[in-house]
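Below, each chain spelled out in residue letters.
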Amino acid sequence: MHIPGTKTEINQIQDLAQARRIPNMATIDRVQEAMQKCQWAHFACHGVQDVTRPTASALLLAGGSRLTLSDIIQLALPHADFAFLSACQTATGDEKLQEESVHLAAGMLLAGYRGVIATMWTIMDQDAPQVTKDTSPPDPTKAAEALHFAVQKLLERYPLKSFLHW
């Protein structure tokens, strides 16, 4: 499924980070290598929660490859500081195991990120770039607060939209 808002989101991240270059092919190897070198990770892609095998939950990368929760928690990330998971179902977990946090956002914390922003449900493609802008530059110790204010701004901009839109 095509998600055109990711291009806008990538452009905003490039502007915010003054990035020189983002690889045009987000393969598992390239992404893992970048995660090991960088302080911040921003994923603008599809995410899937596997309720039968939670460690198989994944971020969908180039060519349909999957960066799984199992892959993430095995990484050595000495510079990890903040991860932004602009991908659906990255903090969903399992309804039957509500006391356990086995999802991609928790995996990012386990891997060493001090702060993570993720979604518990589907994020609307047109909202993701705005949430990215409103939460950046991130302070990993205030990720929840930044997300709260970004969602409030969405509510102010689109007061008649469904709660699931925000």
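Residues numbered from 1 in each chain as written. Predicted model: local features only at pLDDT ≥ 70, side-chain atom pairs only at ≥ 80, totals over all residues. Heavy atoms only, no water.

Student: So what about the sheet that holds strand S1 (residues 40–44)? Which residues, and what values?
Tutor: An order of S1-S5-S6 is seen for the three strands of this open sheet, with the pairing classed as parallel. At either margin of the open sheet sits one strand with a lone partner, and together these are S1 and strand S6 (115–117). Each strand of the sheet is rotated relative to its neighbour by a mean of 5°, with strand direction disregarded. Strand direction decides the pairing type here: strand S5 (residues 82–86) and S6, joined by three bridges, are parallel. Bridged to alanine 83 within S6 is valine 116. (Pairing = 2+ DSSP bridges. Helix = DSSP H or I, 4+ residues; strand = E, 2+ residues; numbered from the N terminus. Axes fitted to C-alpha atoms, helices over the stretch in contact; angles between N-to-C directions.)

Student: Now, about the nonpolar core: what can you tell me, with residues and values included?
Tutor: Formed by 24 residues in total, the largest nonpolar core has its most connected members in Met35, Phe43, Leu59, Leu85, Met108 and Tyr113. Those elements that place two or more of their residues in this core are helix H2 (28–37), S1, helix H3 (69–73), S5 and helix H4 (104–111). Looking at which element gives the most residues to this core, the answer is H4, with four residues. Not counting residues up to four positions away in its chain, the partners in contact with methionine 108 are Met35, Phe43, Leu59, Ile72, Ala83, Leu85, Tyr113 and Val116. Judged by nonpolar contacts, the second largest core, of seven residues, contains Ile117, Val131, Ala143 and Leu154. (Core = buried A, V, L, I, M, F, W, Y, C linked by side-chain atoms within 4.5 Å. Buried < 20%, exposed > 50% of the residue type's maximum accessible area, 1.4 Å probe, protein only. Contact = heavy atoms within 4.5 Å.)

Student: Tell me about the pattern of salt bridges, and name the residues and values.
Tutor: What the rule picks out here adds up to four salt bridges. The salt bridge partner of arginine 114 is aspartate 81, with a shortest N-O separation of 2.7 Å. Taken together, the residues arginine 114 in the loop between H4 and S6 and aspartate 81 in the loop between H3 and S5 connect sequence positions 33 residues apart. On the basis of relative accessible area, arginine 114 is assigned to the exposed category, the value being 53%. Across the pair lysine 153 and aspartate 134 runs a salt bridge, and its minimum N-O distance is 3.7 Å. With lysine 153 in helix H6 (residues 143–157) and aspartate 134 in helix H5 (residues 128–134), this pair connects stretches of sequence that are 19 residues apart. (Salt bridge = Lys/Arg side-chain N within 4 Å of Asp/Glu carboxyl O.)

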